[in-house]
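Structural features, examined
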Amino acid sequence: MELRNKTVLIIGMARSGIAAAKTLLELNCRVILNDSKPEQELTGLEELKGRCEFRLGCRADGLLEGVDYIVISPSVPPTIPALKSAAEKGIPVLTEIELGYRLCSGTTVAITGTNGKTTTTSLVGQMFQDAGRKNFVVGNIGVPYVSKALNAAKEHVMVTEISSYQLQCIDTFHAHVALLLNITPDHLDRHGGMDGYIAAKRRVFENQNGDDFAVLNYEDKTVRAMADKIKSRAVFFSSARELEQGVFLKDGNIVFKYGAVNTVICPAGEVYIKGRHNLENAMAAVAAAMLMGISAQSCAYTLRSFKGVEHRIETVDTVKGVTFINDSKGTNPDSTVKAIQTMTAPTVLLLGGYDKGGSFDGLIKQYTPYIRYTVVLGATKDKITAALEACGVTDYCTADTFRDAVMLAYSHAEPGWNVLLSPACASWDMFKDFEQRGEVFKQIVGQIKEQG
């Protein structure tokens, strides 16, 4: 694919679209920027003024004349009219991650799944870093793949968190090692139901061959079943049983077995990040690292020292005996269940946000005795309160604003308790992303502490 000096229309001007524009400018492309939002509602465009053509606050349908390629951001559904028109005109459409992959000389390790993607991606990246291997940690984690594509030499590893949105429209994207951590209901509004969501996740293996590896969670039946339908070599991980091949627990140790060799990595109890879900993330990371030639000793060092990621069960501060925990990354019910399971003190839970079409009944049925009170907010407020009532939970209240929700949670907590932000929902009804939601939570906690 030759992009140099071509005319490219970018649809969707958030982080990915901006990164794509900057990379295409390096290739001397004529770049047209489009978003349905007007310029005043967008950020980060300042350095593109005068270098790109702005066509903002309108649909892309009328912008196709003379366009050689279209690049879409992950948030842009493949069903919009402009993309149908592009297909009729024979204009190639690339996602940002597909564009980045085609421009990159490095080897890709891709991590996907409903939960644990960010932690596992960060952990794998740290394993490469600690082992002295050149790498970029990119993708859905907040650094667009395309932003590092031209900087990656053949020896670089692109450690890539990839979402179902990004996988939905790939073409040639090819990971030498692809990890699928788990699948539970999420983004059903985008994918039209569970079958569409599973199909999108399965695409991470689509372009692999017999020289590649698929790292699969043996304890997830949906994931395990994919081993029979892929061309790459399946390597399982399990926190519940000893496997013939893969990563598993034996005598309290994390063990990697490939071929006839059993390699002990380290005692499971020495993994710094706690919880069964994090043990599974660690096992998946070990599989990826070992398959890419990193030593067991180096993997063990990283497992003992890696302290987790921001916005994922992150202790913020303790105010008058109340500990505030930021799990803004908990954007679906299953993720919030995992956060709940780590609570070892009475807890007030903050729930609610953008509605992705899932159910909350299963989450509430898995409340532990430590969940003493729930504060509900956001677009899913009515849906969650109905689920609470249906499950017989009466210790809850609702809030109209995010700040009100945090203050109400604090008012219901007692010394020795936790306030846990783990919304089980996306943030888009109130914030641009989960990171902003987590930052605002931490700011409010800081204000509470200052005010005494």
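Okay, so let's go over this structure.

Procedures and definitions
- Residues numbered from 1 in each chain as written.
- Predicted model: local features only at pLDDT ≥ 70, side-chain atom pairs only at ≥ 80, totals over all residues.
- Heavy atoms only, no water.
- Salt bridge = Lys/Arg side-chain N within 4 Å of Asp/Glu carboxyl O.
- Helix = DSSP H or I, 4+ residues; strand = E, 2+ residues; numbered from the N terminus.
- Buried < 20%, exposed > 50% of the residue type's maximum accessible area, 1.4 Å probe, protein only.
- Phe/Tyr/Trp six-rings, centres within 6.5 Å; stacked < 30°, edge-to-face > 60°.
- Lys NZ or Arg CZ within 6 Å of the ring centre and 35° of its normal.
- Contact = heavy atoms within 4.5 Å.
- Polar contact = N/O pair within 3.5 Å; in protein donor to acceptor, adjacent residues only side chain to side chain.
- Core = buried A, V, L, I, M, F, W, Y, C linked by side-chain atoms within 4.5 Å.
- Pairing = 2+ DSSP bridges.
- Right-handed = clockwise from strand over helix to strand, strands pointing away.
- Axes fitted to C-alpha atoms, helices over the stretch in contact; angles between N-to-C directions.
- Parallel < 35°, antiparallel > 145°, perpendicular 65-115°, else oblique.
- Left-handed = near helix turned anticlockwise from the far one by under 90°.
- Nonpolar A, V, L, I, M, F, W, Y, C, P; charged D, E, K, R; others polar.

This paragraph deals with the pattern of salt bridges. Taken as a whole and assessed by the stated rule, the structure comprises 24 salt bridges. For the salt bridge of Lys-449 with Asp-317, the shortest nitrogen-to-oxygen distance reads 3.0 Å. Note that Lys-449 is positioned in helix H16 (residues 434-451) and Asp-317 in strand E15 (residues 314-319), a separation of 132 residues in sequence. Overall, Lys-449 belongs to the partly exposed group, its relative accessible area being 45%. The shortest N-O distance in the salt bridge between Lys-383 and Asp-355 comes to 3.3 Å.

Structurally, Glu-244 can be placed in the loop between strand E11 (233-237) and strand E12 (246-250). Overall, the relative accessible area of 69% leaves Glu-244 in the exposed class. Remark: the alpha-carbon pair of Glu-244 and Leu-179, spanning 65 residues in sequence, is separated by 19 Å.

This part covers the packing of aromatic side chains. Any pair of aromatic rings gets described here by the distance separating the centres and the angle formed by the planes. As enumerated under the stated definition, the model contains 9 aromatic pairs in all. Among the aromatic residues, those joined into a cluster by ring pairs are Tyr-101, Tyr-145 and Phe-173. Its end group placed over the ring of Tyr-218, Arg-224 keeps NZ or CZ at 4.7 Å from the ring centre. Here the basic side chain of Lys-307 rests over the ring of Tyr-272, its NZ or CZ set 4.8 Å away from the ring centre.

Non-glycine residue Ile-313 carries a positive phi angle of around 50°. Mapped onto the elements, Ile-313 comes out in the loop between helix H11 (296-305) and E15. Phi at Lys-320 is positive, roughly 50°, even though this residue is not glycine. Here Lys-320 shows up in the loop between E15 and strand E16 (322-326).

Another point: helix H12 (residues 333-340). The buried count for H12 comes to 7 of 8 residues, which makes it a mostly enclosed element. Looking at H12, one finds that the buried residues are Pro-333, Ser-335, Thr-336, Val-337, Lys-338, Ala-339 and Ile-340. Against helix H10 (276-291), strand E17 (347-351), helix H13 (361-365), strand E18 (371-376) and strand E20 (418-421) lie the buried residues of H12. Between the side-chain oxygen at the start of H12 and the backbone nitrogen of Asp-334 there is a gap of 3.2 Å, and the oxygen is on Asn-332.

As a rule of thumb, soluble globular proteins bury nonpolar side chains together. Judged by nonpolar contacts, the single largest core of 59 residues is most densely connected at Ile-10 and Leu-48. In terms of residue count, the dominant contributor to this core is helix H1 (residues 15-26) (6 residues). The next biggest cluster of nonpolar side chains, apart from the first, holds 42 residues, and it includes Met-127, Cys-266, Ala-285 and Ala-288.

Of all 6 residues making up E18, 5 are buried, and the element is well covered by its neighbours. Pairing of E17 with E18, which is carried by 5 bridges, proceeds in the parallel orientation. Paired with Thr-347 across the strands is Ile-371, a residue of E18. A crossover connection joins E18 to the parallel strand E19 (residues 396-398) through helix H14 (residues 381-390); in handedness this β-α-β unit is right-handed.

The subject of this paragraph is the packing of H10 against H11. For any two helices packed against each other, one specifies the inter-axial angle together with the distance between the axes. Direction vectors running N to C along H10 and H11 enclose 150°, while the axes themselves pass 10 Å from each other. In terms of orientation, H10 and H11 fall into the roughly antiparallel class. Handedness of the H10/H11 crossing: right-handed. Note on element contacts: H11 touches H10 through Ala-296, Cys-299 and Leu-303, opposite Ala-282, Val-286, Ala-289 and Met-290. The residue makeup of the contact of H10 with H11, split by class, is 7 nonpolar, no polar and no charged.

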